[in-house]
Amino acid sequence: MTDNLSCKVLICGGGPSGLAAALMFQARGWRDIVVVERRPTPDQFERSKAFNYQLDGRGQRLLNELGIGPETLEQFGLPNDHFTLTNFLADGKVKVVQPPILVPDRKTPYWMTRNRLLAMLHQYIETTNTEGAIRLLYGHSFEGLEQADDGRLVAQIRSEDDAVLRYEPELLLGCDGLRSRVREALARLADDPDAFDMLQFPSPSTGLTYKVLNLPPQFPVRTDPKGVHDHAMAYAFISNYSAPDEKLALFALPVASAEDPRTINIILKPEHKFWQLGSAEEVTAYLKEGFPQLAIDELVPEEEMADFAALKPGRFPAPQYTRRIHSEFDQGRQQALLIGDAAHAFPPDLGLGVNSALEDLFELNQALNAASDNVAEASADYAKARVPESEALVQLVRRVHPYQYNQDPLRLKLWMMRFVFQLGLHKLSRGLVEMPGFMLSQKHLMPFTEMWRRFQRGNYTVMGLGVASGLLLGRLLLG
Ligand SMILES: Cc1cc2nc3c(=O)[nH]c(=O)nc-3n(C[C@H](O)[C@H](O)[C@H](O)COP(=O)(O)OP(=O)(O)OC[C@H]3O[C@@H](n4cnc5c(N)ncnc54)[C@H](O)[C@@H]3O)c2cc1C
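Residues numbered from 1 in each chain as written. Predicted model: local features only at pLDDT ≥ 70, side-chain atom pairs only at ≥ 80, totals over all residues. Heavy atoms only, no water.

Trainee: Explanation requested: empty space enclosed by the protein in the structure shown.
Mentor: Taken as a whole and judged by the stated rule, the model has 1 cavity of 30 Å³ or more. Looking at the lining of the largest cavity, the elements with two or more residues in it are α9 (353-370) and α10 (375-399). Tallying contributions element by element places α10 first for the lining of the largest cavity, with 4 residues. (1 Å grid on protein atoms, 1.4 Å probe; cavity = no way out; pocket = protein on both sides within 12 Å on 5 of 7 lines; lining within 4 Å. Points joined across faces, edges and corners; volume = space filled by probe spheres on them. Helix = DSSP H or I, 4+ residues; strand = E, 2+ residues; numbered from the N terminus.)

Trainee: In this structure, what is going on with the packing of aromatic side chains? I would like to understand it.
Mentor: Here a ring pair, both rings aromatic, is described through the centre-centre distance and the interplanar angle of the planes. Taken as a whole and judged by the stated rule, the model has 16 aromatic pairs. The interplanar angle of 25° and the centroid separation of 5.2 Å between the aromatic rings of Trp415 and Phe419 together place this pair among those described as stacked. In this pair, Trp415 and Phe419 both sit in helix α11 (residues 409-428), 4 residues apart, roughly one turn of the helix. The exposure classification of Trp415 matches that of Phe419, with both residues buried. Ring pairs connect the aromatic residues Phe51, Tyr53, Tyr210, Phe316 and Tyr405, which therefore count as one cluster. (Phe/Tyr/Trp six-rings, centres within 6.5 Å; stacked < 30°, edge-to-face > 60°. Buried < 20%, exposed > 50% of the residue type's maximum accessible area, 1.4 Å probe, protein only.)

Trainee: Would you take a moment to explain the pattern of salt bridges for this structure?
Mentor: Proximity of charged atoms lets side chains of opposite charge pair with each other. Applying the stated rule across the entire model yields 25 salt bridges. Taking the shortest distance from any N to any O, the salt bridge between Arg152 and Glu168 comes out at 2.5 Å. In this pair, Arg152 is assigned in the loop between β9 (140-147) and β10 (153-159) and Glu168 in strand β11 (residues 164-174), connecting sequence segments 16 residues apart. Using a relative accessible area of 22% as the deciding quantity, one classes Arg152 as partly exposed. (Salt bridge = Lys/Arg side-chain N within 4 Å of Asp/Glu carboxyl O.)

Trainee: What exactly am I supposed to notice about the layout of surface pockets here?
Mentor: With a probe scaled to a water molecule rolled over the atoms, the places where space remains empty come into view. Empty space within the second largest pocket amounts to approximately 400 Å³. Taken together, 19 residues line the second largest pocket, and the ones lying closest to its centre are Arg399, Val400, Trp415, Arg418 and Phe455. Mapped by element, the contributors of at least two residues to the lining of the second largest pocket are α10, α11, α12 (437-440) and α13 (448-477). In terms of residue class, the lining of the second largest pocket is built from 11 nonpolar, 4 polar and 4 charged. Residue assignment places the lining of the second largest pocket across two domains, with domain 1 (5-80 + 108-202 + 318-399) and domain 3 (409-477) each supplying three or more. (Nonpolar A, V, L, I, M, F, W, Y, C, P; charged D, E, K, R; others polar. Domains from an automatic or database assignment.)

Trainee: I'm lost on the pairing of strand β17 (residues 249-252) in this one. Help?
Mentor: Every regular strand shows the same layout, with side chains that alternate between the two sheet faces. Taking every second residue as pointing to the same face, the buried face of β17 carries Leu250 and Ala252, while none of Ala249 and Phe251 on the other face is buried. Relative to β17, strand β16 (residues 234-238) runs antiparallel, the two being bridged by 4 bridges. From the neighbouring strand, Tyr235 faces β17, where its bridge partner is Ala252. As paired elements, β17 and strand β18 (residues 262-268) share 2 bridges and run antiparallel to each other. (Pairing = 2+ DSSP bridges.)

Trainee: Before we go on, may I ask you to explain the nonpolar core in this structure?
Mentor: When a protein is soluble and globular, its nonpolar side chains tend to lie buried together. Counting 98 residues, the largest nonpolar core has Leu10, Ile11, Phe25 and Leu173 as the members making the most contacts within it. At 10 residues, the largest contribution of residues to this core is made by α10. When residues are assigned to domains, this core turns out to be shared by domain 1 (5-80 + 108-202 + 318-399) and domain 3 (409-477), each giving three or more. Not counting residues within four places of it along the chain, the set of residues in contact with Phe25 comprises Val9, Ile11, Trp30, Ile33, Leu171, Leu173, Leu364 and Leu368. (Core = buried A, V, L, I, M, F, W, Y, C linked by side-chain atoms within 4.5 Å. Contact = heavy atoms within 4.5 Å.)

Trainee: Any chance you could explain the sheet that holds β17 here in plain terms?
Mentor: To summarise the sheet geometry, strands pair through backbone hydrogen bonds and adopt either a parallel or an antiparallel arrangement. Strand order in the open sheet formed by 7 strands is β6-β5-β16-β17-β18-β13-β19, and the pairing between neighbours is mixed. One side of each edge strand has no neighbouring strand; the edge strands of this open sheet are β6 (94-97) and β19 (314-315). Pairing between strand β5 (residues 85-88) and β16: 4 bridges, direction parallel. Note that in β16 the partner of Phe88 across the bridge is Phe237. Packing against the sheet, helix α8 (residues 302-310) makes contact with β13 (209-215) and β18, and its axis sits at approximately 170° to β13. (Axes fitted to C-alpha atoms, helices over the stretch in contact; angles between N-to-C directions.)

Trainee: Whenever I open this one, the packing of α11 against α13 confuses me. Can you help?
Mentor: Geometry of a packed helix pair, given as the angle between the helix axes and the separation of the axes. As a packed pair, α11 and α13 sit with axes 11 Å apart at the nearest point and diverge in direction by 95°. Relative to α13, the element α11 is oriented roughly perpendicular. Along the contact surface, α11 presents Arg418, Phe421, Gln422 and Leu425, while α13 presents Gly458, Asn459, Val462 and Leu465. When its residues are assigned to classes, the contact of α11 with α13 shows 4 nonpolar, 3 polar and 1 charged. (Parallel < 35°, antiparallel > 145°, perpendicular 65-115°, else oblique.)

Trainee: Looking at this structure, how should I read the site of the ligand?
Mentor: The environment of the ligand is formed by 30 residues, the closest being Ser17, Glu37, Tyr53, Asp341 and Val354. At 2.7 Å, a side-chain N or O of Glu37 approaches an oxygen atom of the ligand. One of the backbone nitrogen or oxygen atoms of Gly351 is found 3.1 Å away from an oxygen atom of the ligand. About the coverage of the ligand: the protein hides 91% of its 1000 Å² of free accessible area. Looking at the shell around the ligand, the elements with two or more residues in it are α1 (16-27), β2 (33-37), β3 (52-55), β9 and α9. Partitioned by chemical class, the residues of the shell around the ligand number 11 nonpolar, 12 polar and 7 charged. (Near = heavy atom within 4 Å. Polar contact = N/O pair within 3.5 Å; in protein donor to acceptor, adjacent residues only side chain to side chain. Areas by Shrake-Rupley, 256 points an atom, 1.4 Å probe, with all protein chains shown as cover.)

What follows is the structure, encoded as structure tokens:
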């Protein structure tokens, strides 16, 4: 006999992948599903994570299987069937653009803030968990793992009032994000701990720093009284600063409702002057000088500016993944798996973080279907299939669109020229030349390994054609 608590599955982390995992197991008819989340309450607003996700077809596959369809998605998010960007320039000009970057036949994605996504998943648990299959333990942290002499795996969970719970799950899921303690703990117990290391790869967007500023849902712009008036529209404000370490733009992505604040992403190099500003007064003065088109004093209440100034900027991580995402214990009676950011993470260039996390779960569900709920067999199959996918995804994120933040304006211009050139070739050749990688990345049913192969093939073709036309031009010019 043991005093340890038993459960079918222990999910560490109640972020997007943890909550979706709980719903997935419940839909399989499993019971004794425990989720531990260190945030004290489900609705705690994490200012530093005020991201606006685009939930695409890849992420929707699992949600649809769980019964979360367009109706619910529209309640919490905003369908993105076209992308219009209104640019307000510092000299008063207004430019509206519709960049040709969307694949026409893609499944409609939804803009959804992290807060709303978590609220949607949490609410869905509340309404479907009528038989108490899921236990949500907020204010509880995963602390570590130990292996008993007889091989059994025990997870230690600490509650807010410092009690320690010891669980012996049949399946342990690490859904605890990039700095996963589950991954660390599994590495400590493994014969080859290095296999759990996150392999990091350089990318031009790694290390960019960001903060989010909240503006009112609607507001006038000095040169355009209508200003920001449509919550389904994206807006950009361009400053009058021209020096590379001074200039900046403020971006407001579409939001789900006309009552939602417009969250402004500020993404800059770490050495940018904006990050040297200390106090709220300094930030206000900098924005007032750079953005004559905005009445900054009226738009940002003192309290919001003080919060913003005090916030530590976040940093885009390097694209990374771990080669090992599975361990088994107690002669195969217990399994442990890593899901989502605990297994692979990258800068948000392609908006695939949350979608690939949900795809991990979709694939785990498929593996469980194929193995008729044999957890050991499904876990091994899942790991075998997902690691090459993570590796390919990491390589794609490094190369497809890392200059989109305008951190290197020349590179961004070259990227755009090349995009237009390749898209033209793709259309002219009726698909013989591959479409640009940014469009490929919207193909939600395509495995990342195939996408990576096709992206490389497209690159070689464009380079080959570039060299061939250069030679031809040279010949013509030289007679
Ligand atoms: C600036 C930025 C912008 C982004 N934008 C996008 C985007 O546009 N589109 C997109 O798809 N992705 C984006 N991402 C990535 C996306 O946020 C992640 O891929 C996604 O959140 C992964 O979900 P997850 O559930 O695996 O991990 P997380 O979201 O990190 O959730 C982990 C959860 O575990 C909890 N936790 C951690 N440790 C413990 C512990 N020891 N015990 C208990 N609980 C614990 C945390 O509190 C958290 O709730 C962005 C990321 C960044 C940094």
